[in-house]
There are 2 protein chains.
Amino acid sequence: MHSFVSKPIVDTGELLKKSKLKDTQPRRMVLEALAKINMPVSPYGIQKWLLKKNTELNAVTIYRILHAFNSACIVHRHPCSGHFALCTLPEQKGHHGFLHCHSCGLTEEFCSPALCTLEHGIAKKAGFDLENHMNEISGLCKHCKS
Amino acid sequence: MHSFVSKPIVDTGELLKKSKLKDTQPRRMVLEALAKINMPVSPYGIQKWLLKKNTELNAVTIYRILHAFNSACIVHRHPCSGHFALCTLPEQKGHHGFLHCHSCGLTEEFCSPALCTLEHGIAKKAGFDLENHMNEISGLCKHCKS
DNA sequence: ATTGCAAATGCAATATTATTGCATGAACAA
DNA sequence: TTGTTCATGCAATAATATTGCATTTGCAAT
C-alpha cells in the first residue's frame, strides 16, 4: 500500500465556516479525521481513527455529520464503497467524479464538463430529467503501475 | 409507484447456459426472481420474493450466486444501491451504465461508446490504467414527469 | 447407468453498515 | 444572559455482507 500526499492541506475551521453549518466539536473532529486520513473512509473507519487518537464519537453522530457535510458539499460520498472524503475541488461547480486506484487506494476527484454534457444528452434521449449523476473510474494509478 | 414492462421476457435457462455456469436449482430460482421482479433488487429482496412464492433460499447462497452471475456478466450490480438486475443488453460489448428514476424505481441500462472513450481519456490524463468504470444517472423518468 | 471429483449449497456464527426515537446538551442569535 | 433551535448521546434494532466447514449436487469420464 503506497502512501503519498497529493492534496493540499485543509483548514477544517475554514471549511466549516464556508458550509454555514454550526461549528461544533464533533464536526471538527470528523473534519480533522477526514483531512488526516486523506483517503475515502467509512463512518466506522472514522470512529476507529478517532479512537486511536483517544477520542470517542458516537457512530450515529458520525453518520449524521457526514450526511450534513455531504449535503453542504464539503465532503463526497463514494457510492461504490460507501466511503467519504473531503471535497478537493472546492472552487469548481458542477459534477465531480472519482478516480480510484484499487491497489493503493488513492482516490482523486475530477471534474469533466464534457462528461457532464454527454450524460445530460443520454438522459434526455431516454426521456429522463437528470438530477444527479455519478462516475467512478477504477484502475491502477501511475505509482502502482511501476 | 408506477409499473410498466419495458424489457423483453428472458429465457433464464438460456441465460444460464450462455454463462457456462453449472445449472442448479438455486441459480434458476434467482434468475427467475430477477426476471419477474424486473427491477434492481437486493439479495435479501430476492429472498423475500422467493418466500412469497413459498420457496426458500439461503441468503448466503443468494449472495454467492449473484456474485457468480455478476462475474459472468449476466447480471449487473448497481453500486449506489447494492441491488442487482439482469443484464438487458446482452449483445453489446463494453461498458454499461444505468439510468435510474428515483420516483418509480425504473432502471434502464445504456451503452455509450462516447462516454467510454471520454473516461478512458480522463484516466489516461491522470496516469491511470483504467480497468473499470461505473456510471449511474438518476432523475425523473418520462412517465413520472407527467 | 455408475462412479468420482470439483463445485455449489446449507448452516451457524459473526462482522459491518445503517437507521430511528427520544432525552439531553450545546451553539448562537436576540 | 436567555431562549430557541439544532446537534449529540444512547439504546435498540434493521439491513447488509462475509467466513469456515460439513454436506450435497451437477456433470464429466468411464
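Residues numbered from 1 in each chain as written. Chains lettered and ligands numbered in written order. Predicted model: local features only at pLDDT ≥ 70, side-chain atom pairs only at ≥ 80, totals over all residues. Heavy atoms only, no water.

A. Highlighting the interface of chain A and chain B. Tallying the contact residues gives 34 residues for chain A and 34 residues for chain B. With both chains or domains summed, chain A and chain B bury close to 2,800 Å², and 62% of this area falls on carbon and sulfur atoms. Considering only the side of chain A, the residues that lose the most area to chain B are Ile122(A), Phe128(A) and Ile137(A), jointly responsible for 21% of the buried surface there. Counting the contacts that link chain A with chain B gives 2 salt bridges. Between Asp129(A) and Lys145(B) there is a salt bridge, with its nearest N and O atoms 3.5 Å apart. Linking chain A with chain B are 18 residue pairs in polar contact (both at pLDDT 80 or more), by the criterion used here. Looking at the side of chain A that touches chain B, the elements that each hand over two or more residues are β3 (97-101), β4 (107-110), α5 (113-125), β5 (129-140) and α6 (142-145) of chain A. Top contributing element to the side of chain A that touches chain B by residue count: β5(A), with 12 residues. Two strands pair when backbone bridges link them, and β5(A) and strand β5 (residues 129-140) of chain B are joined in this way by 11 bridges, in the antiparallel orientation. Residue Asn135(A) lies in a different strand from β5(B), and its bridge partner there is Asn135(B). (Contact = heavy atoms within 4.5 Å. Buried area = accessible area lost by both parts, 1.4 Å probe. Salt bridge = Lys/Arg side-chain N within 4 Å of Asp/Glu carboxyl O. Polar contact = N/O pair within 3.5 Å; in protein donor to acceptor, adjacent residues only side chain to side chain. Helix = DSSP H or I, 4+ residues; strand = E, 2+ residues; numbered from the N terminus. Pairing = 2+ DSSP bridges.)

B. Focus on the protein's contact with DNA strand D. By nearness alone, 19 residues border DNA strand D, and Thr24(A), Thr61(A), Arg64(A), Asp23(B) and Tyr63(B) come closest of all. Those atoms of DNA strand D that come within 4 Å of the protein belong to sugar or phosphate at a rate of 58%. At a separation of 2.6 Å, a phosphate oxygen of DNA strand D approaches a polar side-chain atom of Thr61(A). Among the elements of the structure, α2 (25-37) and α4 (59-71) of chain A together with α3 (43-52) and α4 (59-71) of chain B are those that each provide at least two residues to the surface near DNA strand D. Take the surface near DNA strand D: its biggest share by element is 4 residues, from α4(A). A per-class count over the surface near DNA strand D returns 8 nonpolar, 4 polar and 7 charged. (Near = heavy atom within 4 Å. Nonpolar A, V, L, I, M, F, W, Y, C, P; charged D, E, K, R; others polar.)

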